[in-house]
Amino acid sequence: MTAPLTLPDCDLQDFPFMPLHVARLRDSDLAATVDPEAAWFAVMLWAASWHQIPAGSLPDDEAVLARLCGLGRDVKTFRKRRAGAMHGFILCDDGRWYHPVVAEQANSAWKAKQKQRWLTECARIKKHNQRHNTAVAYPTIDDFIAGGCEPVPLTATPKSPDCPEGHGSDVPPENTSKRQGEGEGQREYIDDVDDGARARVALVIDNDPLDHAELADRAARAAGVRHIDPKRIANHIDLIREWLAGGATSDEIIETIQAVTASTSEPSHSLQRFSAHIRQTVARRENNHGTGTIHPAGRPSVAQAIRTARDRVGAVGQPVQPA
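Fair warning: this is a prediction, and the values are worked out from it, not measured in the lab.

Engineer: Explain the overall build of the protein chain to me, and be specific about the residues and the numbers.
Structural biologist: Secondary structure assignment for the protein chain yields 12 helices and 5 strands. Here the protein chain, with 323 residues, has 39% of them falling under the buried criterion. Long-range pairs, those at least 24 residues apart, make up 60% of the contacts in the protein chain between residues at least 6 apart in sequence. When the accessible surface of the protein chain is totalled, it reaches about 18,100 Å², and 53% of it is carbon and sulfur.

So this is what it looks like as C-alpha cells:
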C-alpha cells in the first residue's frame, strides 16, 4: 500500500475554504468519463475529506462515505455509484482513502498554517523581550513545528548590557529596510521563500502595552475566522487597533465576538462584522457608568480617549498622573 499523503495531525477544520482549480477539474478524467451524479458525489467527498483528520482523507467505511456524499443511509445507491464517487482516491496503509489532488492542497494549507503560528509566536517572544528586557531566543520554524507548535516558555536571563535594545544576544537584528510608517507605529515584514513563492507577512509591532497581533489571532479564533492571506491578517490587526482606540478592552472584544458567534449559525468570514457590536458594547458600558458618550461611527469623545489612555498606562504598572 501507499504511505498516507498528509501528516497524521494535519487539521484544517478551521479552514472554511478549499481551493478548487477550475481548469484542472474541467479538463479532468472525472468530468470526461464519470456520470454527472457520481461526479457530484465525488466533489462532495472531496469537500468532506478537507475537514477530516488527516485532511484530504476519508474512512474506509461505506456507511460513512454514503452519508458524507449526501446519501444519508442509502448505502445501496452509494455502492452503485462508488466507482465514480471514489474516482482518484487511493487506499493508503493507515486504512484511509486519500485523494492526491486534495492532499496536495491540504499539505500546502497545513504548511502555511504552521508557518503563521510560528510568526505569531515570534511576535509574542519579541514583545516579551521588549517588555521585560530579556533575551528569549526565537525558535527556528523547523524546531517550532517539531515541538508541536507549542508556545516557547518565556523565561530568560536579562540581556547583556552590550546587546542592542530590543534584541537578545541570539536574536538576529531587524531588517530596518522593511519598515514603514516611522513614528506612527511600525510594521515589520518577515520575508521568506516558500517553494519558489515569496510570502510577505505583516506583523504590527509597536510600543503599546497590548500585543495587537496576538489579540487579533485570539479574536479570529473566537470568531472561527482563519486566514493565511497576509492582507486579511493585517486587516484584522488594523481592526483591533481601531476597536482599542474606540475604548474597547481586550476582554470586551473577545467576549463580544464569542457572544455574537454563539447567537448565530451564519459563519463569519471577517472580523469586520463585529465592529458595530463592539461599539455597542463600549457604548453600553460607558453609558451605564456615566463616563462619556460614543460619537457616531464609534469615535470616542476627547475626554473618553484621554481616560482610556490613562487607564492603559495604569494597567501596566506605571503611575497615573492626576487629571
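Additional details are given in the paragraphs that follow.
Engineer: Lay out the sheet that holds strand 2 (residues 90–91) in plain terms, naming residues and giving numbers.
Structural biologist: One open sheet accounts for 3 strands, arranged 1-3-2; its pairing is antiparallel. Of all strands in the sheet, those bounded by a partner on one side alone are strand 1 (57–59) and strand 2. Relative to strand 3 (residues 96–98), strand 2 runs antiparallel, the two sharing 2 bridges. Residue pairing across strands places Leu91 opposite Trp97, the latter belonging to strand 3.

Engineer: Help me get a handle on helix 10 (residues 250–262), residues and values and all.
Structural biologist: Quick reminder: α-helices carry 3.6 residues per turn. Residues three or four places apart thus point the same way. Between its terminal C-alpha atoms helix 10 stretches 18 Å, which fits the 18 Å expected from 13 residues at 1.5 Å a residue. Among all positions in helix 10, only Ser250, Glu252, Ile253, Ile254, Thr256, Ile257 and Val260 are buried.

Engineer: I'd like a description of the nonpolar core, backed by residues and values.
Structural biologist: Counting residues in each nonpolar core, the largest one holds 30 residues, and the members touching the most others are Leu12, Leu45, Trp50, Leu58, Phe78, Met86 and Phe89. Counting only elements with at least two residues in this core, the list comes to helix 3 (36–50), helix 4 (62–68), helix 5 (75–85) and helix 6 (100–132). Broken down by element, this core gets its largest block of residues, 8 residues, from helix 3. With residues up to four places along the chain from it excluded, the contact list for Phe78 reads Leu45, Glu62, Leu65, Ala66, Cys69, Leu71, Ala85 and Met86. If you look at the next biggest cluster of nonpolar residues, it comprises 22 residues, including Leu215, Ile240, Ile254 and Val260.

Engineer: For helix 5, give the residues involved together with the corresponding values.
Structural biologist: The complete set of buried residues in helix 5 reads Val75, Phe78, Arg82, Gly84 and Ala85. One side of helix 5 holds all its buried residues, which, seen down the axis, span an arc of 160 degrees. Facing away from the buried side of helix 5 by more than 90 degrees, the exposed set consists of Lys76, Arg79, Lys80 and Ala83. Residues of helix 5 that are buried sit in contact with helix 2 (29–33), helix 3, helix 4 and strand 3.

Scoring rules and cut-offs
- Residues numbered from 1 in each chain as written.
- Predicted model: local features only at pLDDT ≥ 70, side-chain atom pairs only at ≥ 80, totals over all residues.
- Heavy atoms only, no water.
- Helix = DSSP H or I, 4+ residues; strand = E, 2+ residues; numbered from the N terminus.
- Buried < 20%, exposed > 50% of the residue type's maximum accessible area, 1.4 Å probe, protein only.
- Contact = heavy atoms within 4.5 Å.
- Areas by Shrake-Rupley, 256 points an atom, 1.4 Å probe, with all protein chains shown as cover.
- Pairing = 2+ DSSP bridges.
- Expected span 1.5 Å × (residues − 1).
- Core = buried A, V, L, I, M, F, W, Y, C linked by side-chain atoms within 4.5 Å.
- Arc of directions from axis to C-beta.

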